[in-house]
Amino acid sequence: MAEHLIIHGADKQERYQTLLPQALALIESETDQIAALANLCAALHSSFDWLWTGFYLVKDKQLVLGPFQGPIACTRIPFGKGVCGSAWQAGKTLVVEDVDAFPGHIACSSSARSEIVVPVRNADGEVVAVLDVDSSELASFDAVDAEYLERVAEGLVHLF
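Residues numbered from 1 in each chain as written. Predicted model: local features only at pLDDT ≥ 70, side-chain atom pairs only at ≥ 80, totals over all residues. Heavy atoms only, no water.

Comments concerning helix 2 (residues 33-47)
Rules: Helix and strand definitions follow DSSP, with helices as H or I runs of at least four residues and strands as E runs of at least two, each counted in order from the N terminus. The span you would expect from a helix comes to 1.5 Å times its residue count less one. Only protein chains enter the area calculation, which uses a 1.4 Å probe; residues under 20% of their type maximum are buried, those over 50% are exposed, and those in between are partly exposed. Any pair of N or O atoms that falls within 3.5 Å is considered a polar contact. Within protein, one atom must be able to donate a hydrogen and the other to accept it, and sequence-neighbouring residues count only if both atoms are side-chain atoms.
With 15 residues, helix 2 extends 21 Å between its outermost C-alpha atoms, agreeing within 8% with the 21 Å of an ideal straight helix rising 1.5 Å per residue. Looking only at helix 2, the buried set comprises Ala36, Leu37, Leu40, Cys41, Ala43, Leu44, His45 and Ser47. With a side-chain oxygen positioned 3.2 Å from the backbone nitrogen of Ile34, the residue opening helix 2 is Asp32.

Some points on the pairing of strand 6 (residues 127-135)
The two faces of the sheet receive side chains in turn, since in a regular strand these alternate between them. The condition that has to hold: Two strands pair if DSSP finds at least two bridges between them.
Of all 9 residues in strand 6, 9 are buried, a share of seventy percent or more. When strand 1 (residues 52-59) meets strand 6, the two strands line up antiparallel, connected through 6 bridges. Among the inter-strand pairings, Leu57 is bridged to a residue of strand 6, identified as Ala129. Connecting strand 5 (residues 114-121) to the next strand, strand 6, in antiparallel fashion are 5 residues, including Gly125 with a positive phi near 85 degrees.

What about the packing of aromatic side chains?
We apply this condition: Pairing of aromatic side chains here covers Phe, Tyr and the six-membered ring of Trp, requires ring centres within 6.5 Å, and sorts the geometry by plane angle: under 30 degrees stacked, over 60 edge-to-face, intermediate tilted. A ring is considered to have a charge above it if a Lys NZ or an Arg CZ atom is located within 6 Å of its centre and within 35 degrees of its normal.
Counted according to the given criterion, the structure contains 7 aromatic pairs. Ring centres 4.7 Å apart and planes at 90 degrees place the aromatic pair Phe79 and Trp88 in the edge-to-face group. On the basis of relative accessibility, which here comes to 41%, the residue Phe79 falls in the partly exposed class. Clustering of aromatic rings is evident, with ring pairs tying together Tyr16, Phe48, Trp50, Phe141 and Tyr148. One residue, Arg15, lies across the ring of Phe48, its end atom 5.6 Å from the ring centre.

Here's the deal with unusual backbone geometry
Glycine aside, residues mostly have negative phi, and peptide bonds are mostly found in the trans state. With a phi close to 60 degrees, Lys61 is a non-glycine residue in the positive phi region. Mapped onto the elements of the fold, Lys61 is located in the loop between strand 1 and strand 2 (62-69). Taking the relative accessible area as the measure of exposure, Lys61 reaches 75% and is therefore exposed. Even without being a glycine, Ala139 presents a positive backbone phi close to 50 degrees. For Ala139, the position within the fold is in the loop between strand 6 and helix 4 (143-154).

Structural notes on the UniProt feature "domain: GAF" (unreviewed entry) in the chain
Selection rule: UniProt positions are given in the numbering used here, feature names are shortened, and annotations may be inferred rather than shown by experiment.
Mapped onto this structure's residue numbering, the UniProt feature "domain: GAF" (unreviewed entry) falls at residues 36-155. With 28% helix and 32% strand, residues 36-155 has end C-alpha atoms that lie 11 Å from one another.

Considerations on the state of the cysteines
One covalent bond between the sulfur atoms of two cysteine residues makes up a disulfide. What counts is decided by this rule: The rule for a disulfide is simple: a pair of cysteine sulfur atoms within 2.5 Å.
Evaluated as defined, the whole model comprises 1 disulfide. Disulfide partner of Cys74: Cys108, at an S-S distance of 1.8 Å. Since a negative S-S torsion denotes a left-handed disulfide, the Cys74-Cys108 link at about -120 degrees is left-handed. One end of the pair, Cys74, is in the loop between strand 2 and strand 3 (76-78); the other, Cys108, is in the loop between strand 4 (94-96) and strand 5, and 34 residues separate them in sequence. In this structure Cys41 is not part of a disulfide, and its nearest cysteine sulfur, from Cys84, lies 12 Å away. Assessed through its relative accessible area of 1%, Cys41 is described here as buried. You can see Cys84 has no disulfide; the closest cysteine sulfur is in Cys108, sitting 7.3 Å from it. Residue class for Cys84 comes out buried when judged on its relative accessible area of 3%.

Below you can see the structure in the form of structure tokens.
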């Protein structure tokens, strides 16, 4: 396994294009869920200037904090609450340009200004986790982030 990522690109899409194969290679043969998610968080977080990058895992009908990089976070999120719980409920990626304008936003960090949450599914198509990324800047996430982070999430099926 490589100890360093090699990320190139003048724009976000090019950075994702160089990161994606390396990130997926980090986890493709790993069978331990926590180990794989932890390394994936580190790879994503170190490649972009994000405030927080992490996973919430579905456990006992709520989202429970999993591996992450960044400041301390909310430990549990109810189904349908906040951006993470709403993405879980809807079963689709949510891109929020301004978290303060999102009804019911859960402020785990006062520094978070925008957010993207991507559902992670198992082989049966059930949402079993969410990938949550926060930025300290408004409108940091867009369709490019959604496309590539969804591809990352698809690469996690073998862990669930």
